[in-house]
Amino acid sequence: MKTTKGDKLGITLFLIPPLALFALFFIYPVSYVFVTSFFKWDGISDAAFVAFQNYLALFKDPIFRRSVVNNVIWALTAGLIQVPLALLVALILSKKPRGWKVFRTVYFMPQVISGIALATLWSTMYNSEYGLINALLGVVGLEHLQKNWLGTTQTAFPALLIYWVFYIGYYMVIILAEITSISEEYYEAASIDGANKIQQDLYVTLPLVRNSIITCITLAMVFGLRQFEQVYLLTNGGPANKTSVMVLYLYKEMQNNNYGYANATGVMLIIVGTIVIVGVRKLFASKQYES
Amino acid sequence: MAAIDIKLPNEKKTSVETNKHLSVILNVLKWIVLMFFAIYAIFPILWLLISSFKTNAELMSEPFGLPAVWQFGNYLNALKASNLGILFANSVFISIAATCINIMLAGMISYCIARFTFKGKEIIFVMFSAGILVPLNALMVPYFTIVNKLGLYDKHIGLIIVYTAIGIPVSTFIVRGFMNGIPREVEEAAIIDGCGFFKRFFMIILPLSKTGLVTAATFQFLTCWNEFVYSMLLTSSTKVRTIQLGIRYFTNQFSTDFVSMYAAIIVSIIPSVICYMLFQEQIISGLTSGAVKG
C-alpha cells in the first residue's frame, strides 16, 4: 500500500503516544538502573560514584548469593519439571479424551488468579495450627509428619517450590494448541509405517512442537527468576533468609534507601535473565544442527 | 516355510494380548495424571470457597466438612472490617481505565506496524520483544522515582499510567497479529472511496480487529487486576489502593477471623474468574498467537 502525505501525519500521531510511554517506562528505567548501579545513593542526598563497589558488596553478601542460588533452583525446577509435566498432560489431552475441554479449563484456572491470592491460600494450607496439609496428614494417620512447613529451615524452600510447580496450565495450553495444529497426515503416515500411539508421540509430535516447548522453557525459567509475591507473602525470605530471592532482596534494600545497591541487584536480575534466555536458545539450537 | 506360517498367528495373538494389558495400564495411568492435576488446580480454591461460608469453630473442628448453616454474614463482616468495598472499586476503576487506554494505544501502533513501512519499524519490533522479557520487578527504584517526580504518587492516575505502559508490548503483539490477517483489499477499496488515514482506522480496521482487541483487553485486564508489586510501591492510602494489596492486609486485620478473610479473598478472585469464564477462548488464542512467545 502506498504511503500518502496524510498517512505520514497519521503514522506520526499514532506512534508518538505509545512510544513515549514505552520510552518512559521501559527504555529510561533500564538505562537508569544500569547507570545508578555504579553510585552510592539513598534517594535524598547526592549520589556518589563508587564504580563496581555495589557489585563487589553484592557478591560478598551471603544472603544475596543464597537468593541467586534459590532463583536458579526455581528456574531449573520450572524448566525441567514444570514444563515436562505440562508437556505430558498436553500429550494426553491432545488425544481428546472424554471431557478434555473441562480439564483444560480447570488446569488454567489458577493462572487467572493473582499470585498474592494464591500465596495467601497456600499460607493457610501450610499453617501449622489450622492448615489443611497438617489436617490431611492427621486424617491418614501420619501425625508424626505434621510440622510448621514454612517456619522450618529444611522444609520452607521446598514448600515454596512444590505448591507452584504443579500449576502447569499456562504451558500446557501453549503446547496443546501447537499439538492440535499438527496435520493429521503426519499421523496417518506414521501409523502406516506401523508406529503405535506412544511412538507417534515421541517421533512425530515432539519434534514438531519443539519450538513451543523451547518457548515454554524460556518463559518458565524467566518467571522463576522473577518470583516475588509468593516469597514475600509466605516466608518474607525467612527462616534465617534461607528462602530469599533476588527481587525480595532488591525490595528490602530499596526499603532501606540503598537505591544504588538495589539497582545493582536489578542489573544482576536482568543479566541472569538474559543469560537464561540466550542459553536456552543456544542449547536447543545446537541440538538441531546435530540431528 | 510351513512351520513359520503356523507360528505367526500365535505370536500375533500373544503380542496383541500384552498390548491390551499395556493399554489398560496406560489408560489407568492417564486418568490418574489427569485427575491429579485437576484436583490440584481446583481443590484448594473450592476449599477456600466452602470455608468462607463456615463459622471459625467449624473450620477448626471439621476442615473438610460442609458448613451446617451457610454463613453469608462472613461476607458482610469482610466488607465492614477491611474497606473491601473501596479497594474493590479502586481495582475496578484502575483496571478498566488502564485496559481501555492500553488497547487504544496498542491499536494505534499495531495499525502503523501492520500496514505501513517506515523508518525504525524493525527497532520498535526488537525493543517490544525485549520489553516483554524484561523483569519489571528489577525496575522498582526507577518506577518509584518517575511516578514521584511526575507528582503521581498515591494517585489513581499514577497506577493507571504505569499499568497502561507495562502492557503495551504484549497488547501490541496480540493486536498486530490480528491486523496482519485483515485482507488489504478491504482498505484499498476504502482508499479509492476517498477514506483518509483516521477514517480507515476507526471505521474499518478497528471494527475488523475486534477479536484481537478483546483478546488483548482480556490479558491486560487480568494483568492490571492481579498486579501487586507496583500497587504496593506506588500507593499508600486506602482511597487509592487496590484489592490485591488489601489481601496482604486481610491477613493482619482478620488475625483470628479466618472465615471472613477467606470471604475477602474470594471477593478478590471473582472478577478474574468471571473474566476467564467469559473470554476463555480469547485467552487461549492469545497465548498461542505467538504474542507471548517473545
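What you see is a predicted model, and the numbers here were worked out from it, not measured in a lab. Each residue is numbered by its place in its chain's sequence as written, counting from 1. Chains carry letters and ligands carry numbers; both start at the beginning, A for chains and 1 for ligands, and go up in the order they are written. Whole-chain, interface and lining totals are the exception, using all residues; otherwise, since this is a predicted model, local features are given only for residues with pLDDT of at least 70 and side-chain atom pairs are given and counted only at 80 or more. Computation of side-chain values covers all heavy atoms of the structure but excludes hydrogens and water.

Remarks on the overall build of chain A
Put simply, DSSP H or I for four residues or longer makes a helix, DSSP E for two residues or longer makes a strand, and each gets a number counted from the N terminus. Summing up its helical and strand segments, chain A has 14 helices and two strands in all. Each principal axis of the C-alpha atoms in chain A carries an extent, and together these give about 75 × 75 × 40 Å. By residue count, 53% of the 291 residues in chain A fall in the buried class. Contacts were defined at the residue level, with two residues in contact if any of their heavy atoms lie within 4.5 Å. Residue pairs at least 24 apart in sequence account for 66% of intrachain contacts in chain A once pairs closer than 6 positions are excluded. Type-normalised accessible area, obtained with a 1.4 Å probe on protein chains alone, sets the label of each residue: buried when under 20%, exposed when over 50%, and partly exposed for intermediate values.

Remarks on the overall build of chain B
When its secondary structure is counted, chain B shows 15 helices and zero strands. The globule rule used here is 2.2 Å times the number of residues to the 0.38 power, and the radius of gyration it is set against is calculated over C-alpha atoms. At 27 Å, chain B has a C-alpha radius of gyration far larger than the 19 Å of a compact globule built from 294 residues. Expressed along its principal axes, the backbone C-alpha trace of chain B runs to roughly 90 × 70 × 35 Å. Evaluated residue by residue, chain B yields a buried proportion of 51% over its 294 residues. Nonlocal contacts in chain B, meaning residues at least 24 apart in sequence, comprise 73% of its contacts between residues at least 6 apart. Only the protein chains shown count as cover for residues, with accessible areas throughout obtained via the Shrake-Rupley method and a probe of 1.4 Å. Element-wise, carbon and sulfur atoms account for 70% of the exposed surface of chain B, whose accessible area totals about 13500 Å². In this charge count, Lys and Arg are treated as positive and Asp and Glu as negative; neither His nor the chain ends contribute. Every charge is mapped onto a representative atom, which is NZ of Lys, CZ of Arg, CG of Asp or CD of Glu. Separation of charge centres in chain B, based on 21 positive and 14 negative side chains, amounts to 6 Å.

Focus on the state of the cysteines
Disulfide: a pair of cysteine sulfur atoms within 2.5 Å of each other. Throughout the structure, instances matching the rule amount to zero disulfides over all chains. Free of any disulfide, Cys224 of chain B has its nearest cysteine sulfur in Cys100 of chain B, 10 Å distant.

Some details on the side chain of Thr164 of chain B
Tracing the chain through its elements places Thr164 of chain B in helix α7 (residues 156-166). Overall, Thr164 of chain B belongs to the buried group, its relative accessible area being 2%. For Thr164 of chain B, the contacting residues outside a window of four places in its chain are Leu21 of chain A together with Ala98, Ile101, Asn102, Leu105 and Gln220 of chain B.

Focus on the pattern of salt bridges
Basic side-chain nitrogens of Lys or Arg form a salt bridge, by our definition, when they fall within 4 Å of a carboxyl oxygen of Asp or Glu. Evaluation of the coordinates by the stated rule reveals five salt bridges over all chains. Measuring nitrogen to oxygen at the nearest pair gives 3.5 Å for the salt bridge that ties Arg104 of chain A to Glu281 of chain B. Note that Arg104 of chain A is positioned in helix α4 (residues 100-112) and Glu281 of chain B in helix α15 (residues 280-288), a pairing that runs across two chains. The buried category is assigned to Arg104 of chain A, whose relative accessible area is 9%.

Some remarks on the interface of chain A and chain B
Between chain A and chain B, the contact holds 87 residues from the first and 94 residues from the second. Here chain A packs against chain B, burying approximately 8200 Å² in sum over the two surfaces, 82% of which is carbon and sulfur. Inspection of the chain A/chain B interface yields two salt bridges. Side-chain atoms alone can form a polar contact between residues adjacent in sequence; in general such a contact is a pair of N or O atoms within 3.5 Å, and within protein one must be able to donate a hydrogen while the other accepts it. Applying the counting rule to chain A against chain B returns 16 residue pairs in polar contact (both at pLDDT 80 or more). With 21 residues, the top contributor of residues to the side of chain A that touches chain B is helix α1 (residues 5-36) of chain A. Classes in brief: Ala, Val, Leu, Ile, Met, Phe, Trp, Tyr, Cys and Pro nonpolar; Asp, Glu, Lys and Arg charged; the others, Gly included, polar. Of the residues that constitute the side of chain A that touches chain B, the class distribution is 69 nonpolar, eleven polar and seven charged. Summed over both partners, buried area is the accessible surface (1.4 Å probe) that two parts give up on being assembled.

Section: α1 of chain A
Spanning 32 residues, α1 of chain A covers 43 Å between terminal C-alpha atoms, matching the ideal 46 Å at 1.5 Å per step. Here the bend at each residue means the angle between axes fitted to two seven-residue stretches, the one ending at that residue and the one beginning there. Of all the bends in α1 of chain A, the greatest, near 40°, is centred on Ala23 of chain A. Expected helix span is computed as 1.5 Å times (number of residues minus one).

Things to note about the packing of helix α4 (residues 84-115) of chain B against helix α10 (residues 197-208) of chain B
The packing of two helices is summarised by the inter-axis angle and the distance between the axes. Residues and elements named next belong to chain B. Running from N to C, α4 and α10 cross one another at 105°; their axes reach a closest spacing of 12 Å. It follows from the interaxial angle that α4 and α10 lie roughly perpendicular. Contacts from Met104, Gly107, Met108, Tyr111, Cys112 and Arg115 of α4 reach α10 at Phe197, Arg200, Phe201, Phe202, Ile205 and Leu206. Tallied by class, the residues present in the contact of α4 with α10 amount to nine nonpolar, one polar and two charged. Lines fitted to C-alpha atoms define the axes, with helix axes restricted to the stretch in contact, and inter-axis angles between N-to-C directions lie between 0 and 180 degrees. The labels follow the angle: roughly parallel below 35 degrees, roughly antiparallel above 145, roughly perpendicular from 65 to 115, and oblique for the rest.

Here we look at the packing of aromatic side chains
The aromatic pairing rule takes the rings of Phe, Tyr and Trp, using the six-membered ring of Trp, and pairs them if the centres are within 6.5 Å, calling planes under 30 degrees apart stacked, those over 60 edge-to-face and the rest tilted. Taken as a whole and judged by the stated rule, the model has 52 aromatic pairs over all chains. One aromatic cluster is present, built from ring pairs that chain together Phe103, Tyr107, Trp122, Tyr126, Tyr163, Phe166 and Tyr167 of chain A together with Trp31, Phe36, Phe37 and Tyr40 of chain B. The rule for a charge over a ring is simple: NZ of Lys or CZ of Arg within 6 Å of the ring centre, and within 35 degrees of the ring normal. The ring of Trp149 of chain A carries Lys147 of chain A above its face, with NZ or CZ at 5.0 Å from the centroid. In this structure, Arg248 of chain B packs its charged tip against the face of Tyr249 of chain B, placed 6.0 Å from the ring centre.

Some points on the environment of Phe37 of chain B
Of note, Phe37 of chain B is situated in helix α1 (residues 2-51). Here Phe37 of chain B falls in the buried class, since its relative accessible area comes to 5%. Phe37 of chain B has contacts with Leu85, Val89, Tyr107, Phe166 and Ile168 of chain A, leaving out every residue within four places of it along the chain.

Considering the domain arrangement of chain B
All names here are of chain B. Assigned domains of chain B: these are domain 1 (2-51) and domain 2 (76-288). If you average the C-alpha positions of domain 1 and of domain 2, the two centres end up 43 Å apart. On the domain 2 side, the residues contacting the four residues of domain 1 number five residues. Between domain 1 and domain 2 the total buried area reaches about 430 Å² when both faces are included, carbon and sulfur atoms providing 86% of it. On the domain 1 side of the interface with domain 2, the three residues burying the most area are Leu48, Leu49 and Ser51, jointly 81% of the side's total. Joining domain 1 to domain 2, the criterion identifies zero salt bridges. Counting the contacts that link domain 1 with domain 2 gives zero residue pairs in polar contact (both at pLDDT 80 or more). Annotation comment: domain bounds sourced from an automatic or database domain assignment.

Some words on the environment of Leu150 of chain A
Residues and elements named next belong to chain A. Topologically, Leu150 is positioned in the loop between α6 (132-139) and α7 (153-165). For Leu150 and Thr77, which are 73 residues apart along the polypeptide, the C-alpha to C-alpha distance reads 19 Å. Among all residues touching Leu150, those that are not within four sequence positions of it are Tyr126, Ala156, Ala159, Leu234, Thr235 and Pro239.

Description of the side chain of Asp154 of chain B
All names here are of chain B. Mapped onto the elements of the fold, Asp154 is located in the loop between α6 (140-149) and α7. Buried charge Asp154 goes without a salt bridge, the closest partner of opposite sign being Arg241 at 6.1 Å. Not counting residues up to four positions away in its chain, the partners in contact with Asp154 are Leu234, Thr235, Ser236, Ser237 and Val240.

A word on the packing of helix α3 (residues 62-94) of chain A against helix α8 (residues 169-180) of chain A
Residue and element names in this part refer to chain A. It is at 8 Å that the axes of α3 and α8 come closest, and there the two elements cross at 45°. With respect to α8, the element α3 is oriented oblique. The handedness of the crossing between α3 and α8 comes out as right-handed. For the pair α3 and α8, the contacting residues are Gln82, Val83, Ala86, Leu87, Val89, Ala90, Leu91, Leu93 and Ser94 in the first and Tyr171, Met172, Ile175, Leu176 and Ile179 in the second. Looking at the contact of α3 with α8 residue by residue, the class counts come to twelve nonpolar, two polar and no charged. Should the near helix be turned counterclockwise from the far one by less than a right angle, the crossing is left-handed, whereas a clockwise turn marks it as right-handed.

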